[in-house]
Amino acid sequence: MAIKDWPNAERPREKLLEQGASSLSDAELLALFLRTGTVNKSAVDIGRDLIKQFGSLRCLLEAPTEQVLAQEGIGEAKYSLLQASLELGRRYLAQSLAEKELLTSPQMVKSFLRAQLRHHQQELFAALFLDNQNRLIRFEILFTGTLDSCAVHPREVLKRALALHSASLILAHNHPSGYPEPSAADHSITERLKSALALVDIRVLDHLIVGEYETLSFAERGFI
């Protein structure tokens, strides 16, 4: 049975309008982007199959392009819509973060960093550059490394902080292994950056490590 023949309360679009987007399952949300199914499957059926195939909605959205395009009911147009939805979420978080005093929004900071860093397969080192009111000036990925390491150069971080007239920084990097516990190298580079930036009165407020399911905060752990 096609979705248009379902009762109104079970159709994804009508359900969203009546009950809100949070009432929809992952498969129903996917169906809204897929819009149409195939001869044998509705858009919701395809959504369910995709989530089963990839294991979760997140894994589907982060899967390599060629793997997603190989699935039944997915073409370039639908894949593009899914990727656009993911980027919309990232930009929404970025713009929301820019309007906040970051020290009062630790969970939003963590959500933003997860969206930016968690899906990468190589280690990235980034920073949130803040003004003297702890508001975001800019987020930048500063260094790109390998699967398990990333060379960080304090001089380059210092130069960028000065160029942006930053009063403080929140450092961040991801652990592609999925485990956010800091290594000895993580502690060492944090201290080196704190010392280098302190010479020009720029503070390091926190260092966050993004893992698979958790984001660790140096400040919350008392490491900084």
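Let me begin by describing the structure that accompanies this report. Source: prediction; values computed, not measured. (Residues numbered from 1 in each chain as written. Predicted model: local features only at pLDDT ≥ 70, side-chain atom pairs only at ≥ 80, totals over all residues. Heavy atoms only, no water.)

**Concerning the overall build of the protein**
Note the cut-off: Each helix is a run of DSSP H or I of at least 4 residues and each strand a run of E of at least 2, with the numbering of both proceeding from the N terminus. A 1.4 Å probe rolled over the protein chains alone gives each residue an accessible area, and that area as a share of the maximum for its type sets the label: buried under 20%, exposed over 50%, partly exposed in between. Contacts were defined at the residue level, with two residues in contact if any of their heavy atoms lie within 4.5 Å. We get accessible surface area from the Shrake-Rupley algorithm with a probe of 1.4 Å; when it comes to residues, only the shown protein chains can shield them. Under this rule, positive means Lys or Arg and negative means Asp or Glu; His and the chain ends count for nothing. By convention, the point assigned to a charge is CZ for Arg, NZ for Lys, CD for Glu and CG for Asp.
Secondary structure summary: the protein contains ten helices and five strands in total. If one aligns the C-alpha atoms of the protein with their principal axes, the spans along those axes are about 70 × 35 × 30 Å. The buried share among the 224 residues of the protein stands at 40%. Pairs at least 24 residues apart make up 56% of the contacts formed inside the protein by residues separated by at least 6 positions. Carbon together with sulfur atoms contributes 51% to the accessible area of the protein, which is approximately 12,400 Å² in total. Distance from the positive charge centre (25 side chains) to the negative charge centre (28 side chains) of the protein: 3 Å.

**Topic: the nonpolar core**
The test is simple: We call a set of buried residues a nonpolar core when its members are Ala, Val, Leu, Ile, Met, Phe, Trp, Tyr or Cys and they connect through side-chain atoms within 4.5 Å of each other.
L102, L113 and L128 are the most contacted members of the largest nonpolar core, which totals 18 residues. Put simply, the parts of the chain that give this core at least two residues each are α6 (76-98), α7 (106-117), β1 (124-130), β2 (136-144), β3 (168-174) and β4 (203-210).

**Digging into the layout of surface pockets**
Threshold: Using only the protein atoms, space was sampled on a 1 Å grid; points where a 1.4 Å probe fits but cannot get out form cavities, open sets with protein on both sides within 12 Å along at least five of seven lines form pockets, and lining residues are those with an atom within 4 Å of a point. Grid points are joined across faces, edges and corners, and a volume is the space filled by probe spheres set on the points. Ten residues, namely Ala, Val, Leu, Ile, Met, Phe, Trp, Tyr, Cys and Pro, are considered nonpolar, four, namely Asp, Glu, Lys and Arg, are considered charged, and the remaining ones, Gly among them, are considered polar.
The computed volume of the largest pocket comes to approximately 490 Å³. Of the residues in the lining of the largest pocket, the class split is nine nonpolar, four polar and six charged.

**Notes on α7**
The line we're drawing: Here a helix's expected span is defined as the number of its residues, less one, multiplied by 1.5 Å. The directions considered for the arc are those from the helix axis to the C-beta atoms.
An ideal rise of 1.5 Å per residue puts 16 Å on twelve residues; α7 measures up with 16 Å between its terminal C-alpha atoms. Buried within α7 we find V109, K110, F112, L113, Q116 and L117. Seen from one end, α7 has its buried residues packed into an arc of 165°, which puts them on one side.

**Concerning the pattern of salt bridges**
For clarity, the cut-off: When a carboxyl oxygen of Asp or Glu lies within 4 Å of a side-chain nitrogen of Lys or Arg, that pair is called a salt bridge.
A full pass over the atoms with the stated rule returns 15 salt bridges. Note that D45 and R48 form a salt bridge whose closest N and O atoms lie 3.1 Å from each other. In this pair, D45 and R48 both sit in helix α3 (residues 43-54), three residues apart, roughly one turn of the helix. Among the charged side chains, a network of salt bridges with common partners joins K41, D49 and E72.

**A few points about the sheet that holds β2**
To keep it simple, the criterion reads: Any two strands with at least two DSSP-identified bridges between them are counted as paired. Helix axes use the C-alpha atoms of the stretch in contact, all axes being lines fitted to C-alpha atoms, and the angles between their N-to-C directions lie in the range 0 to 180 degrees.
Judged by pairing direction, the sheet is mixed, and its five strands sit side by side in the order β2-β1-β3-β4-β5 without closing on themselves. Because the sheet does not close on itself, it has two edges, and the strands there are β2 and β5 (215-217). Between one strand axis and the next, the sheet turns through 20° on average, direction left out of account. Across six bridges, the pairing between β1 and β3 is antiparallel. For L128, the partnering residue across the bridge sits in β3 and is I170. Along the sheet, helix α9 (residues 184-198) makes contact with β1, β3 and β4, crossing β4 at roughly 155°.

**Points about a nonpolar patch on the surface**
Cut-off, in case you're wondering: Excluding any residue in a salt bridge, patches collect residues exceeding 30% relative accessible area, merging like charges within 9 Å and nonpolar Val, Leu, Ile, Met, Phe, Trp and Tyr side chains within 5 Å.
Nonpolar side chains collect at one region of the surface, where L162, L199 and V200 lie side by side and expose about 300 Å² of accessible area between them. When you line up the elements, L199 lands in the loop between α9 and β4. Classification of L199 by relative accessible area gives exposed; the value is 73%.

**Structural notes on the side chain of H175**
Note the threshold: We call two N or O atoms a polar contact when they sit within 3.5 Å, provided that within protein one can donate a hydrogen and the other can accept it, with sequence-adjacent residues counted only if both atoms are side-chain atoms.
Examined against the element boundaries, H175 turns out to sit in the loop between β3 and α9. In this structure H175 comes out as buried when scored by relative accessible area, which is 12%. Of the polar contacts made by the side chain of H175, one reaches the side chain of H173; its length is 3.0 Å. For H175, the side chain forms a polar contact with the main-chain oxygen of Y179, separated by 2.7 Å. For H175, the residues in contact, after removing those within four places along its chain, are E123, P180, E181, D186, I209, V210 and G211.

In short, geometric facts, not functional conclusions.
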